[in-house]
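Fold and contact review
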Amino acid sequence: MTIADNVSELRDAGLNCARKIADFYVRNQIRYRDWEPGAGSFFFSCDDRGNPQATATQWALAFAAMGMFSAARVFDEPKYRRCAEKMGAYMKTLQIFSPFLPRHYGALREHTPQTTWCYVRDGLSGAWGFVELYRETGCGEYLERAILWAEWFLREGRDGENWPLWGVDFEPKFRDGSALMRNDVAGDFSGGNLNFFYQLYKATGDKKWVGDFFTDFAGKYVRFIQQDDGYYRTILKATKQVPEADPQGGLHKSNDDLSSLGLLCAYRVTGDVRFRMAAERFLAAVHRDRRPDGSLEKTVAGIPVVLNTVLEGEPLGMEHPFSAADEAAALKFLFSRQHNAEIYPLFEGGLNEYGDGAVCSRSSAYALIVLLKLFGGETGFLTAGE
């Protein structure tokens, strides 16, 4: 039996949760008007009083669009597809084609066309979104954009040891402290890079995208980033040691930023069992630390990420300790974090990621994709399949 079979009794609740998330994105998306530079975007998060915290990043747009394409098919609702297409149109405005920045031709800005920098892992997810937009729309421009980003990454997005950079400044900052750049470390989140290059390889048929740099990085990731307890942790590049304080304050724990999924992609490409075993060790660590209420930690972002790893790993022979009861308990806790209209009319449907009343696209988009995979049969996104 698969995880979807294990939790089939939650199908109605899962689809209801997913539809509310999809409606949340429609409700909060910036509408198209000729004079509106942010058309198609939305706020990445809002605090418990409704104050916007940031315009959506390229990666948030990419994952939200994936979920909305799935929602359009599952619920037979064209407005969800239009919403996703608008997200893609906005993402295009973030890609650099300026003759004054030839070094960064093809890179993706973080938030808006005026943002002066990017986090490389975030830009990669934006480019991953381009691959999926190409598949969904049939528009070759999106695939070309993804390839241009990949070429930029190979030129400018990694260091001499093939570690992806934390971030890149494209031009002088508008203000001091606008972005944390820690290019002295290799991020625990960087294993997620493997997903994009695997998907680009599948979309193009060009094996160079899963060539030496891909396998070299996958090997270094499991050797240095994964720790003895099974979790992935950021390391100092110079010493390969974990710093005393995580620069991201523990953001990636059960939410491994899709690194285990990336390792399953590497296993699919190479057949090297180290990569599948790394995902198994990670799932064992998360299972060991799960909470009695079904949650995995304070944030709920890890719930769809972990369940997706379980779902994608099972066809590859991956072993894991999650029982049907564990999976159902995690989903029920996820459902409990969905905002309702009575108290949060604008936030209705979005997920309260940390339990503090705020709403965040990270958990909302991941949940939308994975719930529709589990209960709607939409298996095309966040996959390590052939």
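That block above? That's the structure.
Since the structure is predicted, the reported quantities are computational estimates derived from the model, not experimental observations. (Residues numbered from 1 in each chain as written. Predicted model: local features only at pLDDT ≥ 70, side-chain atom pairs only at ≥ 80, totals over all residues. Heavy atoms only, no water.)

On to the packing of helix H3 (residues 58–74) against helix H5 (residues 120–137), then. Relative to each other, H3 and H5 sit at 30°, their axes nearing to 7 Å. Classified by the interaxial angle, the pair formed by H3 and H5 is roughly parallel. Between H3 and H5 lies a crossing whose hand is left-handed. Here H3 contributes Gln58, Trp59, Ala62, Phe63, Met66, Phe69 and Arg73 to the contact with H5, which in turn contributes Asp122, Gly123, Ser125, Gly126, Trp128, Gly129, Glu132, Leu133, Glu136 and Thr137. Residue composition of the contact of H3 with H5, by class: 7 nonpolar, 6 polar and 4 charged. (Axes fitted to C-alpha atoms, helices over the stretch in contact; angles between N-to-C directions. Helix = DSSP H or I, 4+ residues; strand = E, 2+ residues; numbered from the N terminus. Parallel < 35°, antiparallel > 145°, perpendicular 65-115°, else oblique. Left-handed = near helix turned anticlockwise from the far one by under 90°. Contact = heavy atoms within 4.5 Å. Nonpolar A, V, L, I, M, F, W, Y, C, P; charged D, E, K, R; others polar.)

A word on the side chain of Thr115. In this fold, Thr115 is placed in the loop between helix H4 (78–92) and strand S3 (117–119). The class for Thr115 is buried, based on a relative accessible area of 10%. (Buried < 20%, exposed > 50% of the residue type's maximum accessible area, 1.4 Å probe, protein only.)

A word on the packing of aromatic side chains. Inspection of the entire model under this criterion finds 26 aromatic pairs. A ring pair is formed by Phe24 and Tyr25, whose centres lie 5.4 Å apart and whose planes are at 65°; its orientation type is edge-to-face. Summarising the burial analysis for this pair, Phe24 and Tyr25 share the class buried. Aromatic rings pair up to connect Trp149, Trp152, Phe153, Phe170, Phe196, Phe197, Trp209 and Phe213 into one cluster. Taking NZ or CZ as reference, Lys240 lies 5.6 Å from the ring centre of Phe224, over its face. (Phe/Tyr/Trp six-rings, centres within 6.5 Å; stacked < 30°, edge-to-face > 60°. Lys NZ or Arg CZ within 6 Å of the ring centre and 35° of its normal.)

Our next topic: unusual backbone geometry. In the Ramachandran plot, Asn162 falls in the positive-phi region, its phi being about 70° despite a non-glycine side chain. Relative to the helices and strands, Asn162 resides in the loop between helix H6 (140–156) and strand S4 (167–169). Classification of Asn162 as buried rests on a relative accessible area of 9%. With phi around 65°, Lys240 is a residue other than glycine that occupies positive phi space. Of note, Lys240 is situated in the loop between strand S6 (235–236) and helix H9 (259–270). You can call Lys240 partly exposed: its relative accessible area is 23%.

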